[in-house]
Amino acid sequence: MSDVSSKDAKGPDAPPGLVARIIDSDMFHSFLRSRITVLAAIGTLILFFVAFFAPLVAPHDPFDLASVSILDARVPPFWMEFADPRFPLGTDDQGRDIISAIFYGMRISLIVGFCSVFLAAALGITLGLIAGYMGGRVDAVIMRIADIQLTFPAILIALLVDGAVHGIFGTLNREVFSFWILIFSIALSFWVQYARTVRGSTMVEKNKEYVQAARVIGIPSSTIMIRHILPNVTGPVLVIATINLALAIVTEATLSFLGVGMPPTQPSLGTLIAIGNDFLYSGEWWIAIFPGLALALLVLNVNLLGDWLRDALNPKLR
Amino acid sequence: MSVLQIKDLKVEFPGRKSTFVAVEGVNLKVEAGKILGVVGESGAGKSTVGNAVIGLLAEPGRIAEGEIYLHGQRIDSLPDKQKRRLRGRKIGMIFQDPLTSLDPLQTVESQLVETIRTHLALSRDEARARAIELIDAVGIPDAPERIKQYPHQFSGGMRQRVVIALALCAEPELVIADEPTTALDVSIQAQILELMKKLCAERNVAMLVITHDMGVIADITDHVAVMYHGKLVEYGETAQVLGHPQHPYTKSLISAVPRPDIRIERFPVVDYIEKAGAPIRQIDIATHWLGKARAYDKAEGPLLKISELGMRFQVAGSIIRSRRRYFDAVKKVSFDIAEGETFGLVGESGSGKSTIARLITGLYHPTGGSIRFAGQELTELSNRKQILAMRRQMQMIFQDPFSSLNARMRVRSIIAEPIKFHRLASSGAQVRQIVDDLLDHVGLGAAAGEKFPHEFSGGQRQRISIARALATRPRFLICDEPTSALDVSIQAQILNLLKDLQQELGLTMLFISHDLAVIRQMCNRIGVMRHGELCEVAECDALFETPEHPYTRELLSLMPSLELLSTENLETA
Amino acid sequence: MLGFAVRRLMQAIVVLLVVALLSFSLFRFVGDPVNMMVGIETSIQEREALRERLGLNDPIPVQFGRFVVKAAQFDFGTSYQFHQPVSELFAKRIPATLELSFMSALFALAVGVPMGIYAGLNRESRLSKLFLSVSLVGISLPTFFIGILLIFLFSVTLQWLPSYGRGEVVKIGSWWTTGLLTWSGLKALIMPSITLGLYQMTLIMRLIRAEMLEVIRTDYIKFARARGLPDRIVHFRHALKNTLVPVITITGLQLGALIAFATITETVFQWPGMGIMFLQAVQNVDIPIMSAYLLLTAFLFVVINFIVDILYFLIDPRLRVERA
């Protein structure tokens, strides 16, 4: 019985508008108070912008074979000797502009990240809701699969899926399929987290009296799950999705770096780093390091947002 | 000299928008061997007083003004380190919930021994001997053996005894007990109060008991301080304050307390209680949509007939049949409820009374027996249409006003949902009209529909719950502890509302409560439950005046005596 | 205790069987094993003979049974790429991977646990905020990029540490090799261990911090303070012990994940372990190595989980009574 909680019994005055409520909310306030979160939000927006509008923003089209010249290969960044003002961050071994390649690469990384997070969330939330609400055998089967799945880290599952798909379809089609294989294998390794979280919250929610009240009214299970429980379990899902976006980007980059992700003809950030890694010892460090820093910056910004979201949505930490 | 003296205490919680003053201008004294009760409803600031004394105010709270003296020594201004030395040594503390107050991973002995050795210069063996002595003193039998066990091996009441032993480890001069019996059943509550009274006298300890329960105050305190919105409104000898309250708040608080000894028609509506909202617009029930609830054909015989009802839960699963373990929550219970009557079920936690409610509404399927409602056997219904028709006729009001409403839905959609689902209105506009009328009728006003549940207080949420239950136009209403999470004054309002609605709409009610006093105010007939069995069914007055079953007699004898309380303002039924 | 252990063991065996089924399907149904093993010039008769010899014409359950029995004896068939028994290939490479994983685990625990406890107890201090920022950078930098940065800094620029390989190794027994006993071996371990362990370290730190913050708010901690117990006892005897239960599970899972994450580190540092071999197998669709690796990681995981469960049992008295 907390004596601190004041009774906010308001009179029958008109409720404030949505925007006003958001601006007045504790969450928005905690957002503004954390300067680093504001910075991260701005950083994320900028990175998303340059990634999605890469064709408009990038100074060159690194995949336009007509404009790329091998004569421009291995140009260093602007502050070094032999720099070329056309390529502020230098060029790679084939003469592609690094900064443009980063923009385009980030676009691929983000698309893969978003798609796989979306797929994983859809799968995980559905299974988690069903397992948590139904309980019994359905729950046992779904959660045992999840347990076994959890035995293998994301990267290993992705590698296995990749290996298996190429075993079935042969390595020739790699370039066509790799985009979808990546999304599928990352999603497949991430769904468990959503399922477990949603199941846990669903089990708590389903015993709450508002769900029992809905059952007493006679509302069927499927409607209760979607209309009543789902909106009440989205908080933690949002946090996981944000953190997972960062993780998916890292996983994609790692797989591409290991040579089983995006092919060099459609390089993501990971592919760019893998290409650059070969030139690290011969002094052309910028080919690997700049895409790497871009990747780290992107992931860091998203993680910062996720971290803040987790604390802001956790009522216990307030 | 008083053991504890508080002078002009003011405690603040600085917040983002404004500073919240939790306690202001409080002056109190506690003498050795005496018990001072601090009573008030939630938000009164009574726990804050206790926390301020022991120096454990929750962040960001702070003492803004005033002084606290322990045996004449000022303690509120001491540095943290010295404050810590007082805790446990000079001031002991007892918390509300014994289930969470003990570290689950340490034995009782190790928690006692570490506390004793922190404060007293004793060897490990001496400390252990003292621990056994203490456990014995708080009435736990077999102390040398029990002390080696972990907290989860003790029942709730026994754990509260351990908590008391821990508070007494270093012979403190003052013990602060914050709602020490709120989480316990009536019978355990009586034992713990008895123990506290005894220890206080024997050890000459000063005790500060913080509670919302007038029964506890009447039972054990010598002096009482009544708090309201952070201020002390009345302070004096317990008999004086309860018998002849001076301040209007104290008067209204006392008149709102349900009494087991008197049955009253309605609780008096007094000022100082949270306003119900807009005044109720009168509707003509004979012509209104809601009034159609009365249009059911009168059932022949009882409306609800329960016979040999049983519910068995599996508590430990196993492939081997003989190793499965079961728990019988309800054992062969039979009773009838006649149309228009209010039937009460009373019992301690775990007695199976809530399970019966859930069996009737179909949340559980019984493992035995039958439930007949308006002549229809409910356990045999399989046609979905029939099931829905039955569901519509019986609705339920739940205990917890905070979890019984979906936080993500507006009040309007919460109440509209059953109307739309059962197609009880012909158009959206009509649904809107009905929801507005319902909100008006439960005393909230139609404007409440646009808000979310969290914008309401507990009592207002319970009104929303009632409106939702009425939205299917039921003829039978189950109230499962509808007011046990509410303050007394709010409880009085909700009970009045339920009574009014019942008379107006001719509802039949099953009223479930652990509180005999509340049951007495509400019910025509009463069933007493224990361990899943129905011990006794009797007419209300007969049960209180001539109880037959020994368990009923025991329950009645454990009721805190409220004879001290003033009976001003009350009209007996 | 015994009943509990037996039940857990049964569950572990079921998990392993499911993984074995997965592993078997990978072997049996991804591509045709015979086509993978032989060259283009092999005649149809020879192929049929090989098919018969491998037992691929038997009913599937029989084949699976044989697969399980053989796997239990560490017989995973012959690698398609190297035409050597898979078990021999693994035996040569296991020591390198285990040594690397062990050192990283040690690093992650030795640094992560104290940092987590400190940050949990002193939520507002500058040092905890620094720890938290560092940990955020730690989980944001992909493992392989950390490796590349370390190489660029300490091998290419400063030339202090070797950028690839295990250095000099010493043979112990018939097949175990170790780099822990030579100076160059130890030097070669530093960067890969940090690279591999950094991510787990930050995770462990953040987890312990979060759990500590949660436990500190419980009633029994408040009650311990109200009894005047000194901070030392409240923090370490009561709070820390109660955070251990959830922390141990996740930490166990994380340390198990090290073996799989080693694949990345091994690639960056050209570390001659199982991970590199597995990666090559994935790229060349060398199914026997893939399925053996799958089973092996699952086995290690199951072992770690088993140990975690037993630890649980020892820490939490509530389990002991319920199960007795």
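What you are looking at is a predicted structure, and each value in this text was computed from that prediction instead of being measured.

Visitor: Looking at this model, I keep getting lost on the overall build of chain C. Mind explaining?
Guide: Tallying secondary structure elements over chain C gives 13 helices and two strands in all. Dimensions along the principal axes, computed over C-alpha positions, put chain C at roughly 85 × 60 × 35 Å. Within the span of chain C, comprising 324 residues, buried residues form 51% of the whole. Expressed as a percentage of contacts within chain C between residues at least 6 apart in sequence, the contacts between residues at least 24 apart total 70%.

Visitor: What is the right way to read the packing of aromatic side chains from this model?
Guide: The way to describe two aromatic rings as a pair is by their centre distance and the angle between their planes. Per the stated rule, a full pass over the model turns up 17 aromatic pairs over all chains. Taking 4.4 Å as the distance between ring centres and 20° as the angle between the ring planes, the aromatic pair formed by A:Phe257 and C:Phe144 counts as stacked. Linking A:Phe257 in helix H10 (residues 221–258) with C:Phe144 in helix H7 (residues 143–157), this pair reaches from one chain into another. By the burial criterion, A:Phe257 is buried, and C:Phe144 matches it. Taking the centre distance of 5.8 Å and the plane angle of 50° together, the rings of B:Phe373 and B:Phe476 count as tilted. Taken together, the residues B:Phe373 in strand S14 (residues 368–373) and B:Phe476 in strand S17 (residues 476–480) connect sequence positions 103 residues apart. The burial state of B:Phe373 is the same as that of B:Phe476; both residues are buried. A connected cluster of aromatic rings, assembled from ring pairs, spans A:Phe48, A:Phe52 and A:Phe114. Of note, B:Arg146 hangs over the ring of B:Phe154, and the distance from its end group to the ring centre comes to 4.2 Å. Just above the ring of C:Phe223 sits the side chain of C:Arg227; from NZ or CZ to the centre is 5.0 Å.

Visitor: Can you walk me through the sheet that holds strand S3 (residues 35–39) of chain B in this structure?
Guide: To summarise the sheet geometry, strands pair through backbone hydrogen bonds and adopt either a parallel or an antiparallel arrangement. Residues and elements named next belong to chain B. Reading across from one edge, S6-S7-S8-S3-S9-S10 is the order of the six strands in this open sheet, with mixed pairing throughout. Two strands lie at the open edges of the sheet, namely strand S6 (91–94) and strand S10 (231–237), each paired on one side alone. Direction aside, the axes of adjacent strands within the sheet are offset by 15° on average. Here strand S9 (residues 223–228) runs beside S10; their pairing, made up of six bridges, is antiparallel. Bridge pairing in S10 places tyrosine 228 opposite lysine 231.

Visitor: How do you make sense of the interface of chain B and chain C when you look at a structure like this?
Guide: Reports often express the size of an interface as the amount of accessible area lost when the parts come together. Every contact between the two is made by 27 residues of chain B and, on the other side, 21 residues of chain C. Between chain B and chain C, a total of about 2,200 Å² is buried, with carbon and sulfur atoms accounting for 60% of that surface. B:Glu114 is the salt-bridge partner of C:Arg237, the closest N and O atoms lying 2.5 Å from each other. Taken together, the connections running from chain B to chain C amount to 13 residue pairs in polar contact (both at pLDDT 80 or more). At the level of elements, S6, helix H3 (108–119) and helix H6 (156–167) of chain B are the ones that each hand at least two residues to the side of chain B that touches chain C. Top element by residues in the side of chain B that touches chain C is H3(B). It accounts for six residues. In terms of residue class, the side of chain B that touches chain C is built from 11 nonpolar, 11 polar and five charged.

Visitor: Explain the environment of C:Lys222 here, please?
Guide: Assignment of secondary structure puts C:Lys222 in helix H9 (residues 219–226). Accessibility expressed as a relative area gives 43% for C:Lys222, which makes it partly exposed. Between the C-alpha atoms of C:Lys222 and C:Val234, which are 12 residues apart in sequence, the distance is 9.3 Å. If sequence neighbours within four positions are ignored, C:Lys222 has contacts with B:Leu56, B:Phe95 and C:Arg217.

Visitor: Would you mind showing me how to read the interface of chain C and chain A here?
Guide: Between chain C and chain A, the residue contacts involve 45 residues of the former and 45 residues of the latter. Of the roughly 3,800 Å² buried at the junction of chain C and chain A (both faces included), carbon and sulfur atoms supply 78%. The tally of links between chain C and chain A comes to one salt bridge. C:Arg206 is the partner of A:Asp307 in a salt bridge, and the nearest nitrogen-oxygen pair spans 2.4 Å. If you list the elements that add at least two residues to the side of chain C that touches chain A, you get helix H1 (2–29), helix H6 (126–140), H7, helix H8 (183–216), helix H10 (231–269), helix H11 (274–283) and helix H12 (287–315) of chain C. Ranked by residues supplied to the side of chain C that touches chain A, first place goes to H10(C) with eight residues. Split into classes, the residues belonging to the side of chain C that touches chain A amount to 34 nonpolar, seven polar and four charged.

Visitor: Sorry if this is basic, but what is going on with the UniProt feature "domain: ABC transmembrane type-1" (unreviewed entry) in chain C here?
Guide: According to UniProt, the positions carrying the feature "domain: ABC transmembrane type-1" (unreviewed entry) are residues 94–312 of chain C. Taken as a whole, residues 94–312 of chain C contains 80% helix and 3% strand, while its terminal C-alpha atoms sit 29 Å from one another.

Visitor: Hey, could you run me through unusual backbone geometry in this one?
Guide: With the exception of glycine, the majority of residues adopt a negative phi angle, and the majority of peptide bonds are in the trans configuration. All names here are of chain B. Despite not being glycine, aspartate 142 has its phi angle at roughly 65°, a positive value. Mapped onto the elements, aspartate 142 comes out in the loop between helix H4 (124–137) and helix H5 (143–146). For aspartate 142, a relative accessible area of 53% corresponds to the exposed category.

Visitor: Just to check I follow, could you spell out the nonpolar core for this structure?
Guide: A:Met106, C:Phe90 and C:Phe144 are the most contacted members of the largest nonpolar core, which totals 163 residues. If you tally residues by element for this core, the top one is H10(A), at 16 residues. In contact with C:Phe144, not counting residues within four places along its chain, are A:Ala253, A:Thr254, A:Phe257, A:Ile273, A:Leu295, C:Ile264 and C:Val268. Of all hydrophobic cores here, the second largest spans 74 residues; its members include B:Val11, B:Ala127, B:Ala206 and B:Ile210.

Visitor: How do you make sense of the sheet that holds S17(B) when you look at a structure like this?
Guide: Residues and elements named next belong to chain B. Taken in spatial order, the six strands of this open sheet run S16-S17-S18-S13-S19-S20, and their pairing is mixed. Only two strands of the sheet have a single neighbouring strand rather than two, namely strand S16 (394–397) and strand S20 (533–539). Strand-to-strand twist across the sheet, computed as the mean angle between neighbouring axes with direction ignored, equals 20°. Two strands pair when backbone bridges link them, and strand S13 (residues 342–346) and strand S19 (residues 525–530) are joined in this way by four bridges, in the parallel orientation. The partner of leucine 345 across the bridge, within S19, is glycine 527. The sheet contacts of helix H15 (residues 458–470) involve S16 and S17, and relative to S16 the element is tilted by about 175°. Each of S19 and S20 is contacted by helix H19 (residues 550–558), which is oriented at about 95° to S19, the strand it contacts most.

Visitor: I tried to follow helix H10 (residues 248–256) of chain B on my own but got confused; where do I start?
Guide: Residues and elements named next belong to chain B. Most of H10 is tucked away: seven of the nine residues are buried. The set of residues buried in H10 consists of Tyr249, Thr250, Ser252, Leu253, Ile254, Ser255 and Ala256. In this structure, the buried side of H10 is in contact with helix H8 (214–220), S9, S10, helix H9 (238–243) and helix H16 (488–505).

Visitor: Is there a simple way to explain the environment of B:Ala471 in this structure?
Guide: All names here are of chain B. Assignment of secondary structure puts alanine 471 in the loop between H15 and S17. Distance in space between the C-alpha atoms of alanine 471 and phenylalanine 511 is 19 Å, their sequence separation being 40 residues. Aside from chain neighbours lying at most four places away, what touches alanine 471 is Trp289, Ile415, Pro418, Ile419, Leu424 and Leu438.

Visitor: Can you walk me through the packing of helix H5 (residues 86–121) of chain C against H10(C) in this structure?
Guide: To characterise two packed helices, one gives the angle between the axes of the helices and the distance between these axes. Residue and element names in this part refer to chain C. Between H5 and H10, whose axes approach to 9 Å, the crossing angle comes to 145°. Crossing handedness for the pair H5 and H10: right-handed. Residue-level inspection shows Thr97, Leu98, Leu100, Ser101, Ser104, Ala105, Leu109, Ile117 and Leu121 of H5 in contact with H10, the latter providing His235, Phe236, Leu240, Thr251, Leu255, Leu258, Ile259, Ala262, Thr265 and Glu266. Across the contact of H5 with H10, the residue classes break down as 12 nonpolar, six polar and one charged.

Basis of the calculations
Residues numbered from 1 in each chain as written. Chains lettered and ligands numbered in written order. Predicted model: local features only at pLDDT ≥ 70, side-chain atom pairs only at ≥ 80, totals over all residues. Heavy atoms only, no water. Helix = DSSP H or I, 4+ residues; strand = E, 2+ residues; numbered from the N terminus. Buried < 20%, exposed > 50% of the residue type's maximum accessible area, 1.4 Å probe, protein only. Contact = heavy atoms within 4.5 Å. Phe/Tyr/Trp six-rings, centres within 6.5 Å; stacked < 30°, edge-to-face > 60°. Lys NZ or Arg CZ within 6 Å of the ring centre and 35° of its normal. Pairing = 2+ DSSP bridges. Axes fitted to C-alpha atoms, helices over the stretch in contact; angles between N-to-C directions. Buried area = accessible area lost by both parts, 1.4 Å probe. Salt bridge = Lys/Arg side-chain N within 4 Å of Asp/Glu carboxyl O. Polar contact = N/O pair within 3.5 Å; in protein donor to acceptor, adjacent residues only side chain to side chain. Nonpolar A, V, L, I, M, F, W, Y, C, P; charged D, E, K, R; others polar. UniProt positions renumbered as here; feature names shortened; annotations may be inferred. Core = buried A, V, L, I, M, F, W, Y, C linked by side-chain atoms within 4.5 Å. Left-handed = near helix turned anticlockwise from the far one by under 90°.

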